[in-house]
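Here is how the chains run, residue by residue.
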Amino acid sequence: MTHVAERTDPAIPLLERAPLRLAVTTEAILYLAIGALALATRLAGLGAIALSHAEAREALAAWHAMFPQAGGTAPLASSPLAFLANSAVMGLLGGSELTARLATALGGVALVLLPALFRPVLGRIASLATSALLLISTAALVGARTMSPAVWSLLLVGIALWMVWRFVKGGRPAEAVLAAMLAGAIALLADPAGFVLLAILAAAWAIAVRLSADEAPADQPGARLREALARWPWRDSLLAIGGMVALIGTAFFLYPGGLAQVGELLARGIGGVFTRPAGQPFALPLLVTLLYEPALWLLGALGVARTLAEGDLADRFLVGWLAAGLAAALLYAGAGPDYALWIVAPLAALGGRSLARTLAPARESYWQAPRWALAVMTGGLLALLFVTSTNLVFVARSLSGVVPGASPSIPPLRLMLAGMSALLLVILYFLGGSLWGPRIARRGLVLALTAFLAVYGLSCAWRVAVTHAGDPRELWHVQPVDPELTLLRQTLIEVSERQTGRPDEVPIVAAVPYDDAVAWQLRDFRFVTYTPAIDRWETRPVIVAPEAFRPETLGARYVGQDFVVTRVWDMSQFRPEDILVWLMYGEAQPPARIDQRVVVWVREDVYGLPPAPVTSSEEAAG
């Protein structure tokens, strides 16, 4: 009795009554590892790549808000929410490619960890597997590294769905109000195509209700929805949405002109219904997922098949989301490659559930497989898949290097090894099935294919995001900005220091748009003037103009240095023998050609050349 009294006596401090224990589960360690990898892949080399035109527009809007003395006109951002986050980062850390992308990159890390909220719905293993699939997804990685508004809208959707689920389960009205605010942010603040994503979710719910038509009346999802809508605090939700739009749109009343960005968002979103960006192929989000996300398609297809057979409401909602996302990718003309996230999100969740079922203990009525059978089966099949693909890549490289019209030289040894390893793969599958049962064989094949395709997908993601960031031969990039464009800013800094002694005070006249990637390179210079055409009497020290401009008629002599802005790739000359190398390495013939180039013209005396003698023809012209 004395012992019990000492433990429960409130006068005894808590730390003296019981020792402090910190329990760290394996699941928590795995989430920490996924989060650390997501942070590393989203931030590594983030500032080494030039901003695209779309990124530059968003970055310049935040830059001008934080530094009103900057030269040029401030463009309107198409995502007020991202504008607020970018402005805060630039205000603290200054303007650079890294700080411009930092907020969205951190949002991409949060997106990877978001499935942890849905552990009670998806299951512990399925949620963890979904996070792992989002970690290696090309759309999730590249979108987070390129200031994609789709990352923000999908992150808000996940939190909103979690709030709705909590409210339906008997939660407080405050959760419903917060869910409504998040839905308002998706439509009005986060993404020009946010209304399309909300329509996708509505269609997904309708499909889930349709697939649940044979459920008992008490379990019908439609009945649950009607009951939740009857309890929904509509007045408070509408007031909260209006207040949130006013606060975020004006950056908490610090930037009143920011409300115009809400109109810009709506205009861009509605314009995307009718207009496809120049050079962008039809259904680009779908093509991107088919090329870069094969592991998700494999597992997602298995998840769809099981859902149609015996899935629950969550599975049916995910299938509906996938179907509606595919329809939106086909019908919404303005959907860029980053909107592949509309398809990737349900595929990852369905794939996570498929992986959880695949990893569940196998129960065979006849075969008694040892515990290590699945690992051996998976490892053997995976090794043979890598051997087969490696030899096929060598064969493809020998074909891709052939000059058109010449006879190819196929290495017979590589071709023979590829055939033998493919044959051994089939033999191993049937041998494992005969020894340990067909379930072990199927599970081993699924896991081996998933691991193999995941490695391929991750390599594609890193290639698209970093090593081939400016290469138009990647399907993701439509007229990408050349990575070497950052040298333009460094050149102008050197000129400014030579002319004025400071890195940002040389007078510049620029005949380029005030809101594109070239304008972002000019952001630091205080005395830059944007003009549609260069006046013939122009004599300022530096002129930045398109390649077609020639300074011979100006009032001073100039020397020029050209910089590539964008490149394009003509797929009409794509050779079939390059397909495998293109899929594996993003390389193919013909090479990309220059699409746009600007020239930095520096006055001769600023550059350091002695003034040239005036010719008789020039005297006559004068």
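The structure we're discussing is the one just above.
This write-up is about the structure you can find in this document. (Residues numbered from 1 in each chain as written. Predicted model: local features only at pLDDT ≥ 70, side-chain atom pairs only at ≥ 80, totals over all residues. Heavy atoms only, no water.)

1. Comments concerning the sheet that holds strand β4 (residues 558-568)
- With mixed pairing, five strands are arranged side by side in an open sheet as β2-β1-β3-β5-β4. A strand with exactly one partner marks an edge of an open sheet, and here the two such strands are β2 (528-530) and β4. Between one strand axis and the next, the sheet turns through 20° on average, direction left out of account.
- Where strand β1 (residues 508-510) and strand β3 (residues 542-546) come together, three bridges link them in parallel fashion. Considered in β3, the bridge of I508 is made with V542. (Pairing = 2+ DSSP bridges. Helix = DSSP H or I, 4+ residues; strand = E, 2+ residues; numbered from the N terminus. Axes fitted to C-alpha atoms, helices over the stretch in contact; angles between N-to-C directions.)

2. Points about unusual backbone geometry
- The residue M147 is not glycine, and still its phi comes out positive at about 55°.
- Topologically, M147 is positioned in the loop between α9 (138-145) and α10 (149-168).
- With a phi close to 55°, A251 is a non-glycine residue in the positive phi region.
- Relative to the helices and strands, A251 is located in the loop between α14 (234-249) and α15 (259-274).

3. Section: the packing of aromatic side chains
- Tallied over the entire structure, the rule returns 13 aromatic pairs.
- Residues F167 and W232 carry aromatic rings whose centres are separated by 5.2 Å and whose planes lie at 75° to one another, so their mutual orientation is edge-to-face. Residue F167 is located in helix α10, and its partner W232 is located in the loop between α13 (221-231) and α14; the two are separated by 65 residues in the primary sequence. Taken individually, F167 and W232 each receive the classification buried, so the pair is uniform in this respect.
- Every member of this aromatic cluster is reached through a ring pair, and the members are F195, Y332, Y339 and W342.
- For the cation-ring pair, R231 lies above F167, with the distance from its terminal atom to the ring centre recorded as 4.4 Å.
- When the ring centre of W520 is taken as reference, the NZ or CZ atom of R523 above it lies at 4.1 Å. (Phe/Tyr/Trp six-rings, centres within 6.5 Å; stacked < 30°, edge-to-face > 60°. Buried < 20%, exposed > 50% of the residue type's maximum accessible area, 1.4 Å probe, protein only. Lys NZ or Arg CZ within 6 Å of the ring centre and 35° of its normal.)

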